[in-house]
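Chain by chain, the residues:
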Amino acid sequence: MHQAPAHGEEDFALTRAHGIAVPETVGDDGRYLAHVPLFAGVHVYKAAEPVCAALAAAGGLLQRGTLTHSYPHSWRSKAPLITRATPQWFIRMDGPERIRERALEALAGTRFVPRGAAADHLDGGGAAGLVASRASAPGGCRSRCSWSGRPGRCCATRR
């Protein structure tokens, strides 16, 4: 068994609990990053054969088999997803800086074209809602979908 702390919640928690650093090994495009020995540039969905071959060559492959289990997928496009630990930042909306209040005041004084376009971007979650609506399908949507009930807009590739 192996640990993949950047690609699964349980592995991440266990690794962090033991004070082990969590490396970033997979890029936005699903390929191993340049600093990953042996597999740099290989897409994670095509890595099983080269990884098993390298393990076998090193005498470290004890057994290989097939398991059937569910994988995460985009509820919008049905494309398969991978879990990645990436550097993130958070913003305090309700602190002494009054960011939420100031943002709502600015929105109230903004003319949106078409009218009601603000609802497309803020769902009551402030900055968190804005980020979540744009980042929920890593790698982009594989097919055109109906984002917010508007055909012709792609849910994940809007920037």
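The structure presented is a predicted model; accordingly, all values stated were derived computationally and were not measured. (Residues numbered from 1 in each chain as written. Predicted model: local features only at pLDDT ≥ 70, side-chain atom pairs only at ≥ 80, totals over all residues. Heavy atoms only, no water.)

1. A look at the overall build of the protein
Of regular secondary structure, the protein possesses five helices and zero strands. Secondary structure elements of the protein occur, N-terminal to C-terminal, as α-α-α-α-α. Carbon and sulfur atoms make up 58% of the accessible area of the protein, which amounts to about 12000 Å² in all. (Helix = DSSP H or I, 4+ residues; strand = E, 2+ residues; numbered from the N terminus. Areas by Shrake-Rupley, 256 points an atom, 1.4 Å probe, with all protein chains shown as cover.)

2. Overview of the packing of aromatic side chains
Think of a pair of aromatic rings as described by two things: how far the centres are apart, and how the planes are tilted against each other in angle. Across all of its chains, the model carries one aromatic pair by this definition. Ring centres of Tyr32 and Phe39 lie 6.5 Å apart, and the angle between their planes is 50 degrees; this geometry places the pair in the tilted category. Overall, Tyr32 belongs to the partly exposed group, its relative accessible area being 22%. For Phe39, a relative accessible area of 15% corresponds to the buried category. (Phe/Tyr/Trp six-rings, centres within 6.5 Å; stacked < 30°, edge-to-face > 60°. Buried < 20%, exposed > 50% of the residue type's maximum accessible area, 1.4 Å probe, protein only.)

3. Regarding unusual backbone geometry
For residues that are not glycine, phi is negative in most cases, and the peptide bond is trans in most cases. Residues other than glycine seldom take positive phi values, yet Leu38 does so here, at roughly 70 degrees. Take Leu38: it is sitting in the loop between helix H1 (9–17) and helix H2 (48–57). Unlike most non-glycine residues, Lys78 shows phi in positive territory, near 70 degrees. A relative accessible area of 56% means that Lys78 is categorised as exposed.

4. Focus on the confidence of the model for the protein
Chain-level statistics for the protein give a pLDDT mean of 76 and a share of 71% at 70 or above. Ranking the elements of the protein by mean pLDDT puts helix H5 (residues 126–135) last with 41 and H2 first with 94. Confidence over residues 123–159 falls short of pLDDT 50; this stretch has 54 contacts with residues more than four positions distant or in other chains. (pLDDT = per-residue confidence, 0-100. Contact = heavy atoms within 4.5 Å.)

5. Looking at the pattern of salt bridges
In total, this model carries seven salt bridges according to the counting rule given. As a salt-bridge pair, Arg100 and Asp94 come within 2.8 Å of each other at their nearest N and O atoms. Judged by its relative accessible area of 26%, Arg100 is partly exposed. If you follow the salt bridges from partner to partner, you end up with Glu24, Asp28 and Arg84 in one network. (Salt bridge = Lys/Arg side-chain N within 4 Å of Asp/Glu carboxyl O.)

6. What about the environment of Arg16?
Relative to the assigned elements, Arg16 resides in helix H1. Here Arg16 falls in the exposed class, since its relative accessible area comes to 52%. Distance in space between the C-alpha atoms of Arg16 and Pro5 is 8.3 Å, their sequence separation being 11 residues.

7. So, the side chain of Thr15
Here Thr15 shows up in helix H1. On the basis of relative accessible area, Thr15 is assigned to the buried category, the value being 5%. In this view, Thr15 contacts Gln3, Pro5, Ile20, Ala21 and Val22; residues no more than four positions away in its chain are not counted.

8. Topic: the side chain of Thr25
For Thr25, the position within the fold is in the loop between H1 and H2. Those residues within four positions of Thr25 in sequence are excluded, and the remaining contacts are His7, Arg31, Tyr32, Leu33, His35 and Val36.

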